Amino acid sequence: MNSYPAELLVQLAPVMFVAGLDLPPAPSTSASSAPQSPGQTQTPSPAPTKTQDPFASLVARLRDALQSQRKVAIWAPERTREFQMILVGKDVRFPPRKLVPPEDLAYASAHSPLSPLTPSSPLYPDGLIAPIWIRKHTALVPSVFVLFLRLFEAPVVHARSPLDPSDPEHERDKTEEERRRDSDLSAEVAARKKITNERGIKLTVVLLATRRMLDDPSLDSRLTFIRRQSGLDSRAALFVLSPVGTSELNDFARSLQDALYEPAVEYYTSHSKRVRRKRNRHSQSVSSYNPPPLVSMGVASTRPLRPEGWTVRYEYKMACFAEFRGEDEVALKHYQDAYATLMIMFGSTAILPPRTKRWAEAKVLADTINVKITKLYLYNHERSLALSHHNSHMRRFADFSRGWGIGEETFEYWSWMARQHRVLAELLEQGSNSSLTFPTNSLPSLTVGASSAGTPVELDAIRALGLNPSHALQHPGHYYYMAARCTEARRERFLANEGISQGTSSAPGYANEKKVDHLTLILELYTKSYELFKKHSSTTSQGRLTLWIAYRIARTYYESEKFDVAIRFFERIAKTYRREKWKHMLRPLLSTWYACAQKLNDVELMATLLVEMIGYAQDVDESRTLQEDLLGILKNSVPVSAGKPLVVDLKESDPLLDTMLVFWAPEVRVGEEVAFQLSLATPTNMDLSALPIDSVTITFSDGYYPVVLQHSPPTDVQVADTVVRLVKVGKLVPEDEDEEPEEICADLRWKPGERLMVSGSISSEAPGLLTMGVILASPSGFFNLGETTVLVLSLLDEEYPIAIDITNVDERHLDVVVDVLLQPTEVDQAAQYIIFDDQRSSGLIKGIRLGTIAPGVSATKTLYLVGSGAPGDRMLDISIQSTSVQPGSTSKGDDDAEPRSSSSLSAHAAVDSCEKLQTIVIPTSGALTATYDVVYRRSKNAMPALADLSTVEDDFWDDSYGGVAVVTTRIECSAPCGLVVENLKLHRQDNPLAKVLDCSSDESNDDMFPDEYFPGDEFCNVSRISLSPREEQVWGEEKIPGPGNYEVVWRRMLPAGGLGRQSTTRFALPTLMIPQDELIALLEVPSVAKLHVSTPIHLTVRNRHSSRSANVAVTLDLDLSDAFIVAGLRNGRLPILLPGSEEKLSWNLIPIECGHVKTPRIKVMDVRRAVLPSQGVGVPSTEVDVEGEAVKVVDSAGDSVVAIPQQDDENIHPTATGNAAKTVAEHQAKQDLVFYSGWFCPFNQRVWISLEEKGIPYQYAEVNPYRKEKHFLDINPKGLVPAIEYQGKALYESLILCEFLEEAYPNHKPHLLPADPFERAHARLWIDHTSKTIIPSWYRLLQAQSIEQQDAARQELYDAQRKLVQEVKGPYFTGKEFGLVDVAIAPWVAREYILAEHRGYDRTQVGDGWSEYAERLAMRESVSKTTSDEDKLQVIYDRYLRDEAQSEVAKALRAGRSLP
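Residues numbered from 1 in each chain as written. Predicted model: local features only at pLDDT ≥ 70, side-chain atom pairs only at ≥ 80, totals over all residues. Heavy atoms only, no water.

### Examining the overall build of the protein
Here comes step 1: Assigned secondary structure in the protein consists of 36 helices and 46 strands.
Here comes step 2: When the accessible area of the protein is evaluated, it comes to approximately 71700 Å², of which 52% is carbon and sulfur surface. (Helix = DSSP H or I, 4+ residues; strand = E, 2+ residues; numbered from the N terminus. Areas by Shrake-Rupley, 256 points an atom, 1.4 Å probe, with all protein chains shown as cover.)

In structure tokens, the structure reads:
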């Protein structure tokens, strides 16, 4: 807003001059006797010492108290009785009202020095309003003048003895001196009173006296004398103040303002009346005055101000005086009238000729009036009107500008547009820092359901409503962005003008425009926009726009020739663009990024970007041009890393070649060879024939040598058909063989649409994951095209077939017996069993006979593995025992023959027996996953009476407390293959607390199934459950188990077209919460009413409190704009509502308007009664009403406001990821110490870091604390992680566990606590500070929903962290050694990026080295090794950000309790 005079924008408030508080001069300097100008304050002197006069200290504190009352600000919506206080000297002079003295005969016809009728005025002869007029009333002339004076006090003369009589002569001298001094003081006041009376200014005198003087009996008579002699009036004109403390002085300042506010309002009211009289006289007779003779002013216009100009002056002045009085509505009207008249003046070039001085002044005045009108609308929460007026202002002046020859083709036009957007952005930013909020523009149909959480509606949805997004007020970042775009257009027009005129343009303003640093302005605006978009971002589309703004910042840095900064932005933005496949956005980004690399002469970066740009080429010509640039760089430049190849990883980008891997059989037996074919092809719009690819390396998962294809030019015969080329690589060679495969020659040049087919075969000795990658090698680098994976696995709840195929290669007949052992799984909550020849076991099945197998004959048996509960690897040990037998002794398949176990084979000679053992690992994945959304609806049924006997009957069902839970179950196909779902059924298991009312699958099941579902497909089911909890469960916040489970019957779709065996998966209904309502009001309103037809509405007030009665008052507020006539109670109280009772009220509404109308507002209050203490003996106590709490009124027709997504917490990602997953894999072996952990929990990470730091052997066990299994509850009855099991004993609580590890493993270093007892105790103090101050503040900021709550929590966290970092002695808390204080805070430091992205947290704001300390903690190896991927953690903390998490920490913060 620096583009406009501050006087025209600030919020006006009554002005108070305060005189007589000059600080005493320093001893080394003499006091200046020069008069002080209004608004000028003296430089504060050092604080008074104890030896100074107490009144000097009082004056210093008074100055501070008065100056701290109100600060000058543009945004100040609060209407308090506060003044703009200005400290002045006693002899301050006011500016003259007219240029001639009052005794002059021409005084009556003279005008103000600032009037357009005064020749010496800066507005003469046709000016409107100058900023100095505002400055006159805000800094030069007050509405109230407060004069501080010292009341004379005679020195105290102490008598020699208390019994001595007083000296009459001394008393007489004292009285005479006091009267003389009081007369002098009265004369000084009278002189000031005469000056203030001339201007209608209220004068108030404050006399400074000692406390002793306040007890003097002569004080009243002296004050009366002073009042009469000086002519002070009796209303708030004389005060006495003695030296008091700072708090009392602040109270005095507030009371002084309260007392003088009404006289100040009267002062400005009288000014308004005077201006209104002038306006009325002017409107009656435009020529009511004789203008002075015209005076030649050079080239300046000498025509007088037109009637429209006088109207603008009068309306603007009345608006300012109304603003001084705090009457916003009146000020708004006058500002609007002044603005409308200004528009008339701008519409005629005869009134305001373009590009003149008065035209420029009028433009500034119009812009600032527009800001005032917009601001006043926002004060009144009329956001749409504020934005509409601002947009109208910009449209009007855009039209005017075209007529003035300042259209879109000029830089002046875009400069003005940018200024308007920026002014609005700065106004909104100031408002958002105070109390201004921004609308979310929710859909009407979603206000009860999805939008109840405050989720903003996307652009397409707004358009569907018929709402233009530009007509909805946005956060200030949007308008900073618009200002930046306009400034870019301004720069483009300026550069175009400069190019045409070659630096000698005669365009108006060209010389000044050359001095403007456009790029710095653009960067400033984009940066502010980026920060505000991050602060207000709540949807994916807004997050993408934030990224787009970051791109514009990088582009501006490039144009500013700050190429290194631009590159850092491009690197960060490109990651997201690549991941989300935004090709159209990535293509220009890469081009600008490449231009930066060229400017910096970064050879490796240029080559890397060119390779990636080739993959995004739009046509053949572009790809050839990019290849030529790449070859030119590689040939003519020296690489930075000599001797090392340049590696370009294209995993996330579009690859140079399209790869496709096909196996001829999707599933094969272990050891069986399977053929594969890899296709490497160029798109039809890309030509890679000029790219010198030397080799193609095809890599595989561990255990195989890579296949290397070397480039060999084709022969004449081969050239005949090169569209598809075939290369056979044979069978892949495992790495355990000594002989490496030979390199294979092939033509590695691709023209558009050409394809290279690589065929071969592979086999594996164990099932699992097969990974294949492709690397292109050129003379100067490697290009990694990515990986292809094939995974064969079983599905949960499926009878997975494992074929055991045995072939007798011996010359003798063999009798074969098979044993199968299913190893116990280490996966939590996993169950498993095997089926073999009608035997079923969760462990060992022995002695399965395959009979006698003749030489060369094969026998097959099928083993079925069934896994359930949780996904993970299942391990089988298969033992095949064979014994040679004589032909015919036992026939194959003889059912009557006695089966022989492996123990019976020991009787035979060793040479006749053989056993082969094989272990296979079967990966298991979930076939289906279920997620639940639970919405609770309150019951409309009346609560049973207290004496209702039916409540004791066995079949009584009361859902008035619990209501109905609507459970929406989404079942998703998560298998890597297709499934045929044959049936879905809900098995009801009603219990005394919950029963299923109905289910959507009861009616539509036959129409939906059977059907095919592929990975990612979903089907949905909705059930309604009635809840009837007992009273003790309601107040105990207990959960209700789900009354049933879903049973899904399905089959796997086989590659050959068949179906697998029938499988069944069951999902239990979720546990249910009981909505907690103490006092609630349910409103029943019909959705449709007929015009002029009575429509009843009902309000039911229920008291669900366990022990407290309620005194309820109901008020129906009917506004004149409401569309109803109401018959019924307007204001009254209900009978006392006892616990468990309810009352019902009814009204009749008669609609008098058609359309979508609002019902009258109904306010329900829980009124409390309070007893005031007795006022004295015999005075009875009084009972008064005290304002109580507002009772929530809920529309029962759309009651779905109690949505509790607790199942999200239960269905978290099951295992750690990233670095933490690698650490988990390293600690699966059995150990004496078992660490029970939740990968996502920072409290767990404390213990995990300690284990890793000290190198203690441990076994990691993953636990979901939201599913409290019995085994884990035996270890920790709280059901919270972390916990450990040490030599059969259990411990829990993170910090206790960390200290236990320190003491139980003294030989494992480093030690996390100091050896010195004092230092150890000091560390524990700051560990306690971390746990009780920093971490609660961290979570409060995370869960805070409003801007005010977030600001308070953020500052609280900054303060707590600042206290801790001030105690840090070195790189870590205790110095060089990493210790337990660092362990206690490190997990939350590693998660600070969540606060930074969503809550405006900034490490640098803490100061004192916190950024460096936090960075060291986050980069510590033990911290990074125990931290999972950010995207998985983000899912966890999204629930905290929405304040929907159901963890014990989240519940404790919501309830105001300490953390568990």
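### A short note on the side chain of Arg1246
Here comes step 1: Of note, Arg1246 is situated in helix 26 (residues 1242-1254).
Here comes step 2: We note that Arg1246 is buried and unpaired, the nearest opposite charge coming from Glu1293 at a distance of 7.5 Å.
Here comes step 3: Of the polar contacts made by the side chain of Arg1246, one reaches the side chain of Ser1294; its length is 3.1 Å.
Here comes step 4: Among the polar contacts listed, one links the side chain of Arg1246 to the side chain of Ser1331, at a separation of 3.5 Å.
Here comes step 5: In contact with Arg1246, other than residues within four places in its own chain, are Ser1294, Leu1295, Cys1298, Thr1330, Ser1331, Ile1335, Val1383, Ala1384, Pro1387 and Trp1388. (Buried < 20%, exposed > 50% of the residue type's maximum accessible area, 1.4 Å probe, protein only. Lys, Arg positive; Asp, Glu negative; His and termini not counted. Salt bridge = Lys/Arg side-chain N within 4 Å of Asp/Glu carboxyl O. Polar contact = N/O pair within 3.5 Å; in protein donor to acceptor, adjacent residues only side chain to side chain. Contact = heavy atoms within 4.5 Å.)

### Section: the sheet that holds strand 46 (residues 1289-1292)
Here comes step 1: An order of 44-43-45-46 is seen for the four strands of this open sheet, with the pairing classed as mixed. Of all the strands in the sheet, the pair left with one neighbour each is strand 44 (1259-1262) and strand 46. Neighbour-to-neighbour, the strand axes of the sheet open up by a mean angle of 20 degrees, direction not taken into account.
Here comes step 2: Where strand 43 (residues 1233-1237) lies against strand 44, four bridges are found, and the strand directions are parallel. Bridge pairing links Val1234 to Gln1259 in strand 44.
Here comes step 3: Relative to the sheet, helix 26 contacts strand 43 and strand 44, its axis offset from that of strand 43 by approximately 145 degrees. (Pairing = 2+ DSSP bridges. Axes fitted to C-alpha atoms, helices over the stretch in contact; angles between N-to-C directions.)

### Topic: the pairing of strand 24 (residues 913-925)
Here comes step 1: Pairing of strand 16 (residues 794-795) with strand 24 involves two bridges; the strand directions are parallel. Bridging from a neighbouring strand, Ser794 pairs with Thr924 of strand 24.
Here comes step 2: The sheet contact formed by strand 23 (residues 872-885) and strand 24 spans 12 bridges and is antiparallel. Looking across to strand 24, one finds that Gln881 is bridged to Glu915.

### A few points about the packing of helix 9 (residues 357-379) against helix 10 (residues 383-403)
Here comes step 1: At a minimum axis separation of 7 Å, helix 9 and helix 10 run at an interaxial angle of 165 degrees. In terms of orientation, helix 9 lies roughly antiparallel with respect to helix 10. Where helix 9 crosses over helix 10, the handedness of that crossing is left-handed. Residues Lys363, Ala366, Asp367, Asn370, Ile373, Thr374, Tyr377 and Leu378 of helix 9 pack against Arg383, Leu385, Ala386, His389, His390, His393 and Phe397 of helix 10.
Here comes step 2: A class-by-class count of the residues in the contact of helix 9 with helix 10 yields seven nonpolar, five polar and three charged. (Parallel < 35°, antiparallel > 145°, perpendicular 65-115°, else oblique. Left-handed = near helix turned anticlockwise from the far one by under 90°. Nonpolar A, V, L, I, M, F, W, Y, C, P; charged D, E, K, R; others polar.)

### Thoughts on the environment of Lys916
Here comes step 1: Within the secondary structure, Lys916 sits in strand 24.
Here comes step 2: Between the C-alpha atom of Lys916 and that of Val818, which follows or precedes it by 98 residues, the distance is 9.8 Å.
Here comes step 3: Not counting residues up to four positions away in its chain, the partners in contact with Lys916 are Ile878, Ser879 and Ile880.

### Structural notes on the environment of Gly407
Here comes step 1: Along the chain, Gly407 falls in the loop between helix 10 and helix 11 (411-432).
Here comes step 2: Given the relative accessible area of 3%, Gly407 is considered buried.
Here comes step 3: If we skip the residues at most four places from it in the chain, Gly407 touches Ser401, Arg402 and Tyr413.

### Brief notes about the sheet that holds strand 18 (residues 813-822)
Here comes step 1: Judged by pairing direction, the sheet is mixed, and its five strands sit side by side in the order 16-24-23-18-21 without closing on themselves. Of all the strands in the sheet, the pair left with one neighbour each is strand 16 and strand 21 (844-853).
Here comes step 2: Direction of pairing for strand 18 relative to strand 21: antiparallel, over a ladder of seven bridges. Across the sheet, the residue bridging to Val818 is Ile848, located in strand 21.

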